[in-house]
Each structure stands twice: as structure tokens, then as C-alpha cells.
Amino acid sequence: GVIPPEWRNALIAAGAIIRSYIPLNTYLVELSQDAYVKIQENVKYAYLGAYEASYKYDHALLTSTPTGKSAEPAVNADENITICEYSILLFDSERREECVAKIGTFASCSVVSHGGKVIRAKLTSKALQTVASWTAVEWIEKYIKPVLHNNVAVQAPRMNVETVWPAGETNLGLTGEGQVVAVAD
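If you're wondering where the values come from, they're calculated on a predicted model, not measured in any experiment.

Peer 1: Looking at this structure, how should I read the layout of surface pockets?
Peer 2: By rolling a water-sized probe across the atoms, one finds the places where empty space is left. The volume enclosed by the largest pocket comes to roughly 750 Å³. The set of elements that each furnish at least two residues to the lining of the largest pocket consists of helix 1 (5-13), strand 2 (26-30) and helix 2 (33-42). Classifying every residue of the lining of the largest pocket by side-chain character gives 22 nonpolar, five polar and two charged.

Peer 1: Teacher, can you tell me more about the pairing of strand 6 (residues 110-115) here?
Peer 2: Each regular strand carries side chains that alternate between the two faces of the sheet. Bridge count between strand 6 and strand 7 (residues 118-123): five bridges; the pairing is antiparallel. Considered in strand 7, the bridge of Gly-115 is made with Val-118. What sits between strand 6 and strand 7 in their antiparallel hairpin is a turn of two residues, with Gly-116 showing a positive phi close to 60°.

Peer 1: I'm lost on the nonpolar core in this one. Help?
Peer 2: Generally speaking, a soluble globular protein has its nonpolar side chains buried in company with each other. One finds Ile-88, Ile-103, Ile-119, Leu-123, Val-131 and Ile-140 to be the most contacted residues of the largest nonpolar core, which totals 21 residues. Residue assignment for this core shows that the elements contributing at least two residues are strand 5 (84-90), helix 3 (96-104), strand 7, helix 4 (125-132) and strand 8 (137-142). Each residue touching Ile-119, except ones within four places of it in the same chain, is listed here: Tyr-86, Ser-87, Ile-88, Leu-90, Arg-96, Cys-99, Val-100, Ile-103, Val-111, Ser-113 and His-114. With six residues, the next largest nonpolar core counts Leu-11, Ala-14, Val-43 and Leu-48 among its residues.

Peer 1: When you look at the sheet that holds strand 8 in this model, what are you seeing that I'm missing?
Peer 2: Strands in a sheet are paired, the pairing made by backbone hydrogen bonds, and the direction either parallel or antiparallel. With antiparallel pairing, four strands are arranged side by side in an open sheet as 6-7-5-8. The two strands at the open ends of the sheet, each matched to only one other strand, are strand 6 and strand 8. Within the sheet, the average angular offset between the axes of one strand and its neighbour, ignoring direction, is 20°. Note that strand 5 and strand 7 share six bridges and pair antiparallel.

Cut-off values and rules
Every residue gets a number counted from 1 within its own chain, in the order that chain's sequence is written. Totals for whole chains, interfaces and linings use all residues, but because this is a predicted model, local features are given only for residues with pLDDT of at least 70 and pairs of side-chain atoms are given and counted only at 80 or more. Side-chain descriptors were evaluated using all non-hydrogen atoms of the structure, hydrogens and water having been removed beforehand. With a 1 Å grid laid over protein atoms only, a set of points is called a cavity when a 1.4 Å probe fits there but cannot get out and a pocket when it is open yet has protein on both sides within 12 Å along at least five of seven lines; lining residues have an atom within 4 Å of a point. Grid points are joined across faces, edges and corners, and a volume is the space filled by probe spheres set on the points. Helix numbering and strand numbering both begin at the N terminus, where a helix is a DSSP run of H or I of at least 4 residues and a strand a DSSP run of E of at least 2. Side-chain classes follow a simple rule in which Ala, Val, Leu, Ile, Met, Phe, Trp, Tyr, Cys and Pro form the nonpolar group, Asp, Glu, Lys and Arg form the charged group, and the remainder, Gly included, forms the polar group. Strand pairing requires that DSSP identify at least two bridges connecting the strands. By nonpolar core we mean a set of buried residues, namely Ala, Val, Leu, Ile, Met, Phe, Trp, Tyr and Cys, connected to one another through side-chain atoms within 4.5 Å. A simple rule labels every residue: compare its accessible area, found with a 1.4 Å probe on the protein chains alone, to the largest value its type can have, and call it buried under 20%, exposed over 50%, or partly exposed in between. Contacts are residue-level and defined by heavy atoms, with any inter-residue pair within 4.5 Å sufficient. Axis definition: a line fitted to C-alpha atoms, over the contacting stretch in the case of helices. Angles run 0 to 180 degrees between N-to-C directions.

In C-alpha cells:
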């Protein structure tokens, strides 16, 4: 279930460095040997151990097929390899170029984009498992293309912002770049 705040505070008090949250209801923590012993003795936990490659992705990814994408033939003509697009989150950006280069060497795989701590790549299920084994990788999930849900609101007579865009009627060149906007209903 949900991790109560007092459990999180107990981890920190024992010396754990919380690196990230992992779905579902999991913290990835870095521990010294002393902190490990303190947590074993004093903190409630469901699992305390190494962050294995198989924990870095949902195993349903290995059996799902991508919507709207066809399977590509493998080297062996009797079997098919399904290629899916994934977002690969790294612990830090320092090893991104190394990971991008390695992915580029896999048969039937390619890097779609990369920046910061994220690589978006098309991978086979075998490549997914290999990438998950890299120490630089924190989490892998299926890439979901963003969908525009409220493109009507920008039009007149609603917000009427299209007129100030660079290609709009008034051509004021306003793009909204650098602005923070929040909308709630």
C-alpha cells in the first residue's frame, strides 16, 4: 500500500538517501552498511535488497504488443520480433551518451531522441532486458505519445490566443516560451 510519511522519515533518520520513487509504492534508496543494519532492525519494509534489473520495468511490457505497429521479422524467419518504443530514465545524465551508443549497436533497435536523463528508444524485448541490466538505468516504461486534449480553448471566442502567435492575425510573436501556466477546474 501507500508508504506512510513516518516510514519515509524513519528511512531518512536511519541514514538512507532516497534516490527516487518507483511505481508502485516503492522508494529506491542508497544505503551505507550502517544504514542497512539500522533499517533492518528499526524500520518497517517489504523488501530490502539489491535493485535488480528485473525491477526496472513492468514485466507486462515483455508480453504486450504495440498498438498500430507491426512486428518486424527477426534474423530467424520463423519468429517475429516486436519493436516497442520506450522511455528510459537514467540515474543521471553523465552516462547518457554511452547508453545511446550501446543502444545503437543492437539489431532492430534505434534511439528516437535523448536529452537530460531520458532516452526514448525503439527496443526489442531482449534489448529491453539488456538495457535494464545497465547500472546507469533507473526505470523503463512504454513511451506514450502526448495527446492534445484542449486545442479548441485557444481559438476565438474562447481564449483567443491564436491571434498573437507568430503566424496569427496580429503577428505579435508571442509564443509563451518561459512562461509558467496553471489551469484548474
